[in-house]
Amino acid sequence: MHGWKALVAVTSLAMMPGCMRWKQVPIPTPPAPPNVVSDKSRVRLTSGQNVEFLTLVVATDSIFGVRNNDARTRLTISFDQVRRVEVRQKDAPRTMALLGAIVFGIYYSGAAGLGPNR
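Just so you know, these numbers come straight off a predicted model, no measurement behind them.

Reading the values: rules and limits
Residues numbered from 1 in each chain as written. Predicted model: local features only at pLDDT ≥ 70, side-chain atom pairs only at ≥ 80, totals over all residues. Heavy atoms only, no water. Patch = residues over 30% accessible without salt bridge, like charges linked within 9 Å, V, L, I, M, F, W, Y side chains within 5 Å. Areas by Shrake-Rupley, 256 points an atom, 1.4 Å probe, with all protein chains shown as cover. Salt bridge = Lys/Arg side-chain N within 4 Å of Asp/Glu carboxyl O. Helix = DSSP H or I, 4+ residues; strand = E, 2+ residues; numbered from the N terminus. Expected span 1.5 Å × (residues − 1). Buried < 20%, exposed > 50% of the residue type's maximum accessible area, 1.4 Å probe, protein only. Arc of directions from axis to C-beta. Core = buried A, V, L, I, M, F, W, Y, C linked by side-chain atoms within 4.5 Å. Contact = heavy atoms within 4.5 Å.

**Digging into a nonpolar patch on the surface**
Then, number 1: Together, F104, Y107 and Y108 make up an exposed nonpolar region whose accessible area comes to about 360 Å².
Then, number 2: Here Y108 lies in helix α2 (residues 92-109).

Shown next, in the form of C-alpha cells:
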C-alpha cells in the first residue's frame with residue numbers, strides 16, 4: 001500500500017466519531033409508559049461521569065439497562081443522579097463534510113496525481 005493510501009485510511013478511521021452525534025432523549029413524566037432505547041446510549045450523571053448502555057429503559061423514576069462494557073452488566077440509576085439521557089445517531093451532514101475534506105485534501109496535495117501540487 002502506498003504511503004498516502006495508508007495515511008488516508010488512518011485519517012478516516014481517526015475521524016469516524018465525526019460521523020455520529022448524541023441526541024437528547026426526553027424523560028417521560030408520570031404516568032407515561034417507560035421509554036425503551038434500543039440503540040447505544042449514554043447517561044450523563046450529576047457527578048460529571050458518563051455511563052454508556054447497549055439497551056436502556058427510561059422509566060418514570062429510574063433508568064435501567066445493560067451497560068456497554070465487556071461484562072455486559074446490568075445497572076439501575078435513580079433520576080436524582082441523572083443530568084441527561086442521550087442516544088447515539090448517525091449524522092449525515094458531518095459525514096459528507098468529512099468525506100469532502102478528505103477528498104479535497106487528497107486533490108490539493110497532489111497525492112492522487114491531480115490538483116495544483118502534483
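**Considering α2**
Then, number 1: The terminal C-alpha atoms of α2 lie 26 Å apart, and with 18 residues this matches the ideal 26 Å at 1.5 Å per residue to within 8%.
Then, number 2: Within α2, burial applies to L98, I102 and I106. Down the axis, α2 shows its buried residues gathered within 70° of arc, on one side only. α2 presents A92, P93, M96, V103 and F104 as exposed residues on the side facing more than 90 degrees away from its buried surface.
Then, number 3: Residue G110 follows α2 closely and has a positive phi angle near 85°.

**Points about the pattern of salt bridges**
A side chain with one charge can pair with a side chain of the opposite charge if their charged atoms come near.
Then, number 1: This model, assessed by the stated rule, comprises three salt bridges.
Then, number 2: When the shortest N-O distance is used, the salt bridge between E86 and R42 registers 2.5 Å. Taken as a pair, E86 in strand β7 (residues 82-90) and R42 in strand β3 (residues 41-45) lie far apart in primary sequence, 44 residues in all.
Then, number 3: The exposure class assigned to E86 is buried, which follows from its relative accessible area of 3%.
Then, number 4: Note that E86 is salt-bridged to R84, the shortest N-O span being 2.9 Å.
Then, number 5: Residue classification places R84 among the partly exposed positions, given a relative accessible area of 28%.
Then, number 6: In this structure, a network of salt bridges that share partners links the residues R42, R44, R84 and E86.

**Considering the nonpolar core**
Then, number 1: One finds V43, L56, I63, V82 and V85 to be the most contacted residues of the largest nonpolar core, which totals 14 residues.
Then, number 2: When residues of this core are traced back to their parent elements, those giving at least two are β3, β4 (50-58) and β7.
Then, number 3: Contacts of L56, omitting those with residues within four sequence positions, involve N35, V36, V37, S41, V43, I63, F64, G65 and V85.

**Points about the side chain of S62**
Then, number 1: With respect to the helices and strands, S62 occurs in strand β5 (residues 62-67).
Then, number 2: For S62, a relative accessible area of 13% gives the class buried.
Then, number 3: When neighbours within four sequence positions are excluded, S62 is seen to be in contact with V57, T76, I77, S78 and F79.

**Topic: the environment of S47**
Then, number 1: Inspection of the secondary structure assignment puts S47 in the loop between β3 and β4.
Then, number 2: Counting along the chain gives 36 residues from S47 to R83, while the straight-line C-alpha distance between them is 8.8 Å.

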